[in-house]
Amino acid sequence: MQIKLLPGKLLNEDGNLYQAGYANSLVKDYSRRDIKASKWRIKEWDYYYVGNSKYGVALTIADNSYMSLCSLSFLDFENKVDNTKSVIKFFSFGKLKLPSSSKEGDVHYKTKNVEMDFVHFLGKRHLTCSWKKFTKDKKDIRLDLYLEETNKDSIVVATPFEKDKHFYYNQKINCLKANGYVKVGEHIHSFNDNTWGVLDWGRGVWTYKNTWFWSSMSGEFEGKRIGFNLGYGFGDNTTHSENIFFYDDKSYKLEDVHFDIPISKSGKDSFLEPWKFRSITGDVNLTFTPVLNRHANMNVGVIQSLQNQVFGTFSGYILIEGVEYFFLDMPGFAEKVKNKW
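Now for a look at the structure at hand. (Residues numbered from 1 in each chain as written. Predicted model: local features only at pLDDT ≥ 70, side-chain atom pairs only at ≥ 80, totals over all residues. Heavy atoms only, no water.)

Some details on the overall build of the chain
Logical step 1: Within the chain, the secondary structure is distributed over zero helices and 24 strands.
Logical step 2: The C-alpha atoms of the chain give a radius of gyration of 19 Å, which matches the 20 Å a tight globule of 341 residues would have.
Logical step 3: Considering only C-alpha atoms, the chain reaches an extent of 55 × 55 × 50 Å along its principal axes.
Logical step 4: Buried positions account for 55% of the 341 residues belonging to the chain.
Logical step 5: Long-range contacts, defined as pairs at least 24 residues apart, comprise 55% of the intrachain contacts of the chain with a sequence gap of at least 6.
Logical step 6: Both charge centroids of the chain, one from 46 positive and one from 41 negative side chains, sit 7 Å from each other. (Helix = DSSP H or I, 4+ residues; strand = E, 2+ residues; numbered from the N terminus. Rg over C-alpha atoms; globule rule 2.2 N^0.38 Å. Buried < 20%, exposed > 50% of the residue type's maximum accessible area, 1.4 Å probe, protein only. Contact = heavy atoms within 4.5 Å. Lys, Arg positive; Asp, Glu negative; His and termini not counted. Charge placed at Lys NZ, Arg CZ, Asp CG, Glu CD.)

Thoughts on the pattern of salt bridges
Logical step 1: In this structure the tally under the stated criterion is twelve salt bridges.
Logical step 2: A salt bridge links K165 to D164, with the nearest nitrogen and oxygen atoms 2.6 Å apart.
Logical step 3: Looking at K165, the relative accessible area reads 23%, which means it is partly exposed.
Logical step 4: Overall, D164 belongs to the partly exposed group, its relative accessible area being 44%.
Logical step 5: Residues E242 and K172 are paired through a salt bridge, measuring 3.0 Å at the closest nitrogen-oxygen approach. Here K172 lies in strand 13 (residues 167–184) and E242 lies in the loop between strand 17 (224–232) and strand 18 (244–247), a separation of 70 residues in the sequence. When sorted by exposure, E242 lands in the same class as K172, which is buried. (Salt bridge = Lys/Arg side-chain N within 4 Å of Asp/Glu carboxyl O.)

Section: the environment of V119
Logical step 1: Note on placement: V119 falls in strand 9 (residues 114–121).
Logical step 2: Exposure remark for V119: the relative accessible area of 23% places this residue in the partly exposed category.
Logical step 3: Considering only alpha carbons, one finds V119 and H108, eleven residues apart in sequence, at a separation of 8.3 Å.

Quick notes on the packing of aromatic side chains
Logical step 1: All chains considered together, the criterion is met by 44 aromatic pairs.
Logical step 2: Between Y232 and F259 the ring centres are 5.3 Å apart and the planes differ by 90 degrees, which places this aromatic pair in the edge-to-face class. One end of the pair, Y232, is in strand 17; the other, F259, is in strand 20 (residues 257–260), with 27 residues separating them in the sequence.
Logical step 3: Taking the relative accessible area as the measure of exposure, F259 reaches 3% and is therefore buried.
Logical step 4: Pairwise contacts between aromatic rings join F213, F228, Y232, F259, F271, W275, F277, F288 and F314 into one cluster.
Logical step 5: The residue whose ring lies beneath K43 is W341, and the NZ or CZ to ring-centre distance is 4.5 Å. (Phe/Tyr/Trp six-rings, centres within 6.5 Å; stacked < 30°, edge-to-face > 60°. Lys NZ or Arg CZ within 6 Å of the ring centre and 35° of its normal.)

Describing the pairing of strand 4 (residues 42–51)
Logical step 1: Extensive coverage of strand 4 is indicated by the burial of ten of its ten residues.
Logical step 2: By the alternation rule, side chains of strand 4 split into I42, E44, D46, Y48 and V50 and K43, W45, Y47, Y49 and G51, which are all buried.

Comments concerning the sheet that holds strand 23 (residues 303–320)
Backbone hydrogen bonds are what pair the strands of a sheet, in a parallel or an antiparallel way.
Logical step 1: Pairing is antiparallel across the open sheet formed by nine strands, whose spatial order is 19-18-17-16-24-23-22-21-20. Since the sheet does not close on itself, it has two edges, and those belong to strand 19 (250–253) and strand 20, each with one partner. The average undirected angle you get between the axes of adjacent strands in this sheet is 20 degrees. (Pairing = 2+ DSSP bridges. Axes fitted to C-alpha atoms, helices over the stretch in contact; angles between N-to-C directions.)

Quick word on the nonpolar core
Logical step 1: Formed by 49 residues in total, the largest nonpolar core has its most connected members in L59 and W131.
Logical step 2: For this core, the element with the highest residue contribution is strand 13, accounting for seven residues.
Logical step 3: Aside from chain neighbours lying at most four places away, what touches L59 is D46, Y47, Y48, S71, L72, M116, F118, L127, C129 and L143.
Logical step 4: Ranked by size, the runner-up nonpolar core spans 27 residues in total, among them Y232, V284, I318 and F327. (Core = buried A, V, L, I, M, F, W, Y, C linked by side-chain atoms within 4.5 Å.)

Considering the side chain of R225
Logical step 1: Inspection of the secondary structure puts R225 in strand 17.
Logical step 2: Given a relative accessible area of 14%, R225 falls into the buried group.
Logical step 3: In this structure the side chain of R225 is engaged in a polar contact, spanning 3.0 Å, whose partner is the backbone oxygen of T150.
Logical step 4: Once you skip the residues sitting within four places of it in the chain, R225 turns out to touch T150, N151, C175, W196, G219, E220, F246, Y247, D248 and D249. (Polar contact = N/O pair within 3.5 Å; in protein donor to acceptor, adjacent residues only side chain to side chain.)

Some thoughts on the side chain of T135
Logical step 1: Here T135 is to be found in the loop between strand 10 (124–131) and strand 11 (141–149).
Logical step 2: Reaching out from T135, the side chain makes a polar contact with the side chain of D137 at a distance of 2.4 Å.
Logical step 3: For T135, the residues in contact, after removing those within four places along its chain, are N83 and V184.

Quick word on the environment of F77
Logical step 1: Within the element layout of this structure, F77 appears in the loop between strand 6 (67–76) and strand 7 (81–90).
Logical step 2: For F77, a relative accessible area of 9% puts it in the buried group.
Logical step 3: Each C-alpha atom, one on F77 and one on W212, is 24 Å from the other, the two residues being 135 residues apart in sequence.
Logical step 4: Excluding anything up to four places from it in sequence, F77 contacts Y49, N52, S53, K54, Y55, G56, V291, L292 and F311.

Some details on a positive patch on the surface
Logical step 1: Taken together, the side chains of K112, K132, K133 and K138 define a basic patch exposed on the protein surface.
Logical step 2: With respect to the element layout, K138 can be found in the loop between strand 10 and strand 11.
Logical step 3: Classification of K138 as exposed rests on a relative accessible area of 55%. (Patch = residues over 30% accessible without salt bridge, like charges linked within 9 Å, V, L, I, M, F, W, Y side chains within 5 Å. Areas by Shrake-Rupley, 256 points an atom, 1.4 Å probe, with all protein chains shown as cover.)

Structural data, given as structure tokens:
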């Protein structure tokens, strides 16, 4: 069942969702003031990934109430190198003032060695970051990127949890055309031709223990703009999925999709072996060939996060109304994340 969200407030007087479902834009109005759960459980973030077949960058600014996070990853796919650094501060409780909508409002984070900004400028999203001694060999990094929306639709979900007053309101914007550069030390990497981005905008009240699967692809194949968002694993998804396929100016809603991650002889996920993506209805048939795993395992007392964000290429087809939309070797990523947070 796929229930479409109607315009209006996101939360009722009890702090629960007025309606669970999906939409193609932010039709529900979110306000941190409407939340009735413990202030310790509120989680808000803006996450951007921008990349091409050679390089990628991931930027996060998050206010998770008991802690804030600013994180940057620079990914070199040709040399299979991941440089990731994060700054964590405790007891932010909304002090970052993240906007209540992805459509307006800017996001800033600044420390002695780090400055990161997400700004709306002349209809585009302007991402800048400077980080001193970022790489393992102490090189500084600086990036300056503009992102332009090319799709009229996105995927928005309002997902409840079984626990009262807990919910997740999320928007993924695919096919953000990128223009700019990333400078590592004295070397400048161009992020122009065939470079694309995605925004993961999230606001909500999460339960303590979660596992999620997420995959995203954006780009062009044979002159056509294509992309998808696939994911599952948390909350009550009986009213909707977050699965959607974009082709040129149109979007197509998809049903459930499963990530088949290879299992090693020891019984563990083998993230760098080829994955399969399948749907119950047979409309999704993809092979994901990994290149680089951005692995992180944080364990600080009651806070634990086991992340495997795998970058690689997708090949296969998505079947829409009897037509196979085929593509080959398209850059993207897929992840499995386990959190106790």
